[in-house]
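Analysis of the macromolecular model
Residue strings, one per chain:
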Amino acid sequence: MAHQSETRSLISFAQLQRGRGKAIYWTLLITVVILFTLCFIGPLYWMVTGALKSSPELAQTPPTLWPSDPQPGNYAEAWNRLDLAKLLFNTFYYAIGALVFQLVLDTAAAYALSKLRPKLGNLILGLMLATLMIPAMVLIIPQYVTVIDMPIPFTELSLIDSPFAIWLPAVANAFNIFLLKRFFDSIPEDLMSAARMDGAGSMRTLWSIVLPISRPILGVVSIFAVTAVWKDFLWPKLVMPSPETRTISVGIYAFSGGTPQNVVVAAAVIAAIPTIVFFLIFQRSIMSGLTAGGLKE
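Residues numbered from 1 in each chain as written. Predicted model: local features only at pLDDT ≥ 70, side-chain atom pairs only at ≥ 80, totals over all residues. Heavy atoms only, no water.

1. Side note on the overall build of the protein
- Looking only at helices and strands, the protein features 15 helices and 0 strands.
- Buried residues in the protein amount to 34% of all 297 residues.
- Summarising the internal contacts of the protein: among those between residues at least 6 apart in sequence, 71% fall at separations of at least 24.
- Carbon together with sulfur atoms contributes 69% to the accessible area of the protein, which is approximately 19000 Å² in total. (Helix = DSSP H or I, 4+ residues; strand = E, 2+ residues; numbered from the N terminus. Buried < 20%, exposed > 50% of the residue type's maximum accessible area, 1.4 Å probe, protein only. Contact = heavy atoms within 4.5 Å. Areas by Shrake-Rupley, 256 points an atom, 1.4 Å probe, with all protein chains shown as cover.)

2. Looking at the packing of helix H6 (residues 121–130) against helix H9 (residues 174–185)
- With their axes 8 Å apart at the nearest point, H6 and H9 run at an angle of 135° to one another. Here H6 lies oblique to H9, going by the angle between them. Considering how the two elements wind past one another, H6 and H9 form a crossing that is left-handed. Of H9, the residues touching H6 (which contributes Leu125, Met128 and Leu129) are Ala174, Ile177, Phe178 and Lys181.
- Of the residues contributing to the contact of H6 with H9, the split by class is 6 nonpolar, no polar and 1 charged. (Axes fitted to C-alpha atoms, helices over the stretch in contact; angles between N-to-C directions. Parallel < 35°, antiparallel > 145°, perpendicular 65-115°, else oblique. Left-handed = near helix turned anticlockwise from the far one by under 90°. Nonpolar A, V, L, I, M, F, W, Y, C, P; charged D, E, K, R; others polar.)

3. What to know about the pattern of salt bridges
- Scanning the entire structure with this criterion turns up 4 salt bridges.
- A salt bridge links Glu77 to Arg81; its shortest N-O distance comes to 3.1 Å. Taken together, the residues span about one helical turn, with Glu77 and Arg81 both in helix H4 (residues 73–81) at a distance of 4 residues.
- The class of Arg81 is partly exposed, set by a relative accessible area of 40%.
- Each of Lys115, Arg117 and Glu189 takes part in one network of salt bridges that share partners. (Salt bridge = Lys/Arg side-chain N within 4 Å of Asp/Glu carboxyl O.)

4. Looking at the layout of surface pockets
- Estimated volume of the largest pocket: approximately 1100 Å³.
- Elements represented by at least two residues in the lining of the largest pocket include exactly helix H7 (136–148), helix H8 (164–171), H9, helix H12 (215–231) and helix H13 (234–239).
- Considering each element in turn, the lining of the largest pocket owes the most residues, 6 residues, to H7.
- Residues that form the lining of the largest pocket fall into these classes: 22 nonpolar, 7 polar and 2 charged.
- Empty space within the second largest pocket amounts to approximately 250 Å³.
- Forming the boundary of the second largest pocket are Thr227, Trp230, Lys231, Ile248, Ser249, Ile252, Ala268, Ala271, Ala272, Thr275 and Ile276.
- Within the residue set of the lining of the second largest pocket, elements represented by two or more residues are H12, helix H14 (248–255) and helix H15 (261–292).
- In terms of residue count, the dominant contributor to the lining of the second largest pocket is H15 (5 residues).
- In terms of residue class, the lining of the second largest pocket is built from 7 nonpolar, 3 polar and 1 charged. (1 Å grid on protein atoms, 1.4 Å probe; cavity = no way out; pocket = protein on both sides within 12 Å on 5 of 7 lines; lining within 4 Å. Points joined across faces, edges and corners; volume = space filled by probe spheres on them.)

5. Quick notes on the packing of aromatic side chains
- Per the counting criterion, the structure on display carries 9 aromatic pairs.
- On the basis of an interplanar angle of 80° and a centroid distance of 6.4 Å, the ring pair of Tyr111 and Phe184 is categorised as edge-to-face. With Tyr111 in helix H5 (residues 84–116) and Phe184 in helix H9, this pair connects stretches of sequence that are 73 residues apart.
- For Tyr111, a relative accessible area of 4% puts it in the buried group. (Phe/Tyr/Trp six-rings, centres within 6.5 Å; stacked < 30°, edge-to-face > 60°.)

6. Concerning the confidence of the model for the protein
- Looking at the protein, pLDDT values average 84 and 89% of them are 70 or higher.
- Predicted confidence for residues 1–5 stays below pLDDT 50, and this span has 0 contacts to residues more than four positions away or in other chains. (pLDDT = per-residue confidence, 0-100.)

7. Re the environment of Leu116
- Tracing the sequence through the fold places Leu116 in helix H5.
- When its relative accessible area of 46% is taken as the criterion, Leu116 is described as partly exposed.
- Spatially, the C-alpha atom of Leu116 lies 8.0 Å from that of Ser202, the residues being 86 residues apart in sequence.

8. Section: unusual backbone geometry
- For the peptide bond that leads from Thr61 to Pro62, omega is -5°, which places it in the cis range.
- Its location among the elements puts Pro62 in the loop between helix H3 (55–58) and H4.
- Although it is not a glycine, Leu120 sits at a positive phi angle of roughly 65°.
- Residue position: Leu120 is located in the loop between H5 and H6.
- Leu120 sits in the exposed class, given a relative accessible area of 61%.
- In this model, Asp161 sits at a positive phi of 65°, which is unusual for a non-glycine residue.

Written out as structure tokens, the structure reads:
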């Protein structure tokens, strides 16, 4: 006898099949979807079309929905005037470095907490997760004091204008460690025991078994690491004051004072394109990675 599961909701299935209930349901659903779509797509649409407008039209109230005289040359002017190639290269360099550090060190920490189970491991994990309750702004001052004068005996080492000023703080990411640990916990212990019986050590098991299985969650961590560096503004502004080391967000802000607003908006569009493309390519990894460790068979 086949088992038929029932899904409970505020509106019964029978009511949804009736003419009036079905019409109300689909009307509300379509309305909500359209409203949420406008909330997310609206700012992007305004930004792209605003970059095609002239400065007076961009400042016009109420704003126009489409440029009366599109000026695609604003994008070329933004690229050349703000030296976006250099800014994009710097940001990409910092993002890739932060990604490598996080994949190596956060994965090692999560693997140790999940599979090696050191003494006081749960306490360490709890202290890590407790740092998520601390507002990021509270940590700015101690981090900056540490960066300008590294607490290394008999040295006067400063990381200002060094990529390590961005890479090292990015490694201490409790959220990514928690995500990785949850995924590693879902890996069957029988698989780990079989590897140990075959003579594989902890590092060999991590490299040959755990990491290949963990590609979805590693993709999620990679996306979080890259976008966090790409969109950050305050910390790069503090530790990268030189024009040669600025990130894209800091560089656009630095040039915004004497640059027409339509050119600044065009630069913002160009700066947003890499992260949007990156997300569209790896969006499947986001969903599969976030849900893969949620259930155990």
